[in-house]
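# Structural description and commentary
Spelled out from the first residue to the last, the chains are:
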Amino acid sequence: MAALGWLTPRRRSATARSVLAGEASAEAARKSTQEVSDCEPDFPVHGDERAAAFFDLDNTVMQGAALFHFGKGLYKRKFFETRDLARFAWQQAWFRLAGVEDPEHMQDARDSALSIVKGHRVSELKSIGEEIYDEYMAERIWPGTRALAQAHLDAGQRVWLVTAAPVEIAQVIARRLGLTGALGTVAESLGGVYTGKLVGEPLHGPAKAEAVRALATAENLDLSRCAAYSDSHNDIPMLSLVGHPYAINPDSKLRKHARAMDWRLRDYRTGRKAAKVGIPAAAGVGAVAGGTAAAIAMHRRRR
């Protein structure tokens, strides 16, 4: 009994201390939440009409390159021959494995696309673009990036794609995703028919920044309140324009720059290897095999 009497007060005292500890912890949590709220206001800001969001397309909104998916769809419709498909396949495999844009590959792809569409009507390509989106692109949209874009839309803000892909394709993707619109590379057309030339240059690197700046002026946007999202270090000029830059599925150069600048990062790729090379883990073997097959095919044709 003596032992029991000695234990009982301690049991009561411990309970009191537990209550006190719990109350203190709850108060600290409440204050911490308030401090975070004070330092980091909700973003995107609801109802801010002078704010908007700009999203790169390839490897940011969609896995892979839109131009290559488009090329695959055109091949299916017999716009060009098997040897051209092999080149598209090799470029796409390299792009997916490296997770970065190679200027020579991108230039070759653009030249190929321009030669393929030369003489075709713009209306025809737009219609085909709708079909190609359903066939090859819809399933490659990153859900995480799509949710970021939707957050801006839900806040009442405008959202644009900004891409080196043909503007007609970019507009199809933007419309299908419910976005405001798209900025893309403009191919020259006369009388509604493609000439095989570009208007100016591809919307790439610094050209993207200039397009965003021009659109912001026309739409009366405050770039310091806008956001931009990209995976590529080539888009640092565009990301640097806005007050809220995000590195999405970043290549190594952009990741390093984003960390140095204290930009926010998001990576929606799966698996440790995928985070390194920029492809879904399950697709790695297939991409390598496809790229190897394409390379072999090209080599045989050159012999």
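Residues numbered from 1 in each chain as written. Predicted model: local features only at pLDDT ≥ 70, side-chain atom pairs only at ≥ 80, totals over all residues. Heavy atoms only, no water.

Moving on: the pairing of strand S2 (residues 158-166). The side chains of a regular strand alternate, residue by residue, between the two faces of the sheet. The buried count for S2 comes to seven of nine residues, which makes it a mostly enclosed element. Note: S2 against strand S3 (residues 181-185), four bridges, orientation parallel. Looking at S3, one finds that Trp160 is bridged to Gly181. Handedness of the crossover joining S2 and S3 through helix H7 (residues 167-176) is recorded here as right-handed. (Buried < 20%, exposed > 50% of the residue type's maximum accessible area, 1.4 Å probe, protein only. Helix = DSSP H or I, 4+ residues; strand = E, 2+ residues; numbered from the N terminus. Pairing = 2+ DSSP bridges. Right-handed = clockwise from strand over helix to strand, strands pointing away.)

Now for helix H6 (residues 143-154). Compared with an ideal rise of 1.5 Å per residue, which puts 12 residues at 16 Å, H6 spans 16 Å between its outermost C-alpha atoms and is within 8% of the ideal. Listing the buried residues of H6 in full gives Gly144, Thr145, Leu148, Ala149 and His152. In an axial view of H6, the angular spread of the buried residues amounts to 145 degrees, which keeps them on one side of the axis. Facing away from the buried side of H6 by more than 90 degrees, the exposed set consists of Pro143 and Asp154. Backbone geometry just after H6 places Gly156 at a positive phi near 85 degrees. (Expected span 1.5 Å × (residues − 1). Arc of directions from axis to C-beta.)

A separate point is the pairing of strand S1 (residues 52-55). Of the two faces of S1, the one holding Ala52 and Phe54 and the one holding Ala53 and Phe55 are both buried throughout. As paired strands, S1 and S2 are joined by four bridges and run parallel to one another. Note that in S2 the partner of Phe54 across the bridge is Trp160.

Let us look at the packing of helix H2 (residues 66-76) against helix H5 (residues 122-137). Axes are the key here: two packed helices are described by the angle between their axes and the distance separating the axes. The contact between H2 and H5 brings their axes to 9 Å, and the two run at 105 degrees. On the basis of the axis angle, H2 is roughly perpendicular to H5. Contacts from Ala66, His69, Phe70, Lys72, Gly73, Leu74 and Lys76 of H2 reach H5 at Leu125, Ile128, Gly129, Ile132, Glu135, Tyr136 and Met137. Its residues assigned to classes, the contact of H2 with H5 shows eight nonpolar, three polar and three charged. (Axes fitted to C-alpha atoms, helices over the stretch in contact; angles between N-to-C directions. Parallel < 35°, antiparallel > 145°, perpendicular 65-115°, else oblique. Contact = heavy atoms within 4.5 Å. Nonpolar A, V, L, I, M, F, W, Y, C, P; charged D, E, K, R; others polar.)

By themselves these figures say nothing about function.
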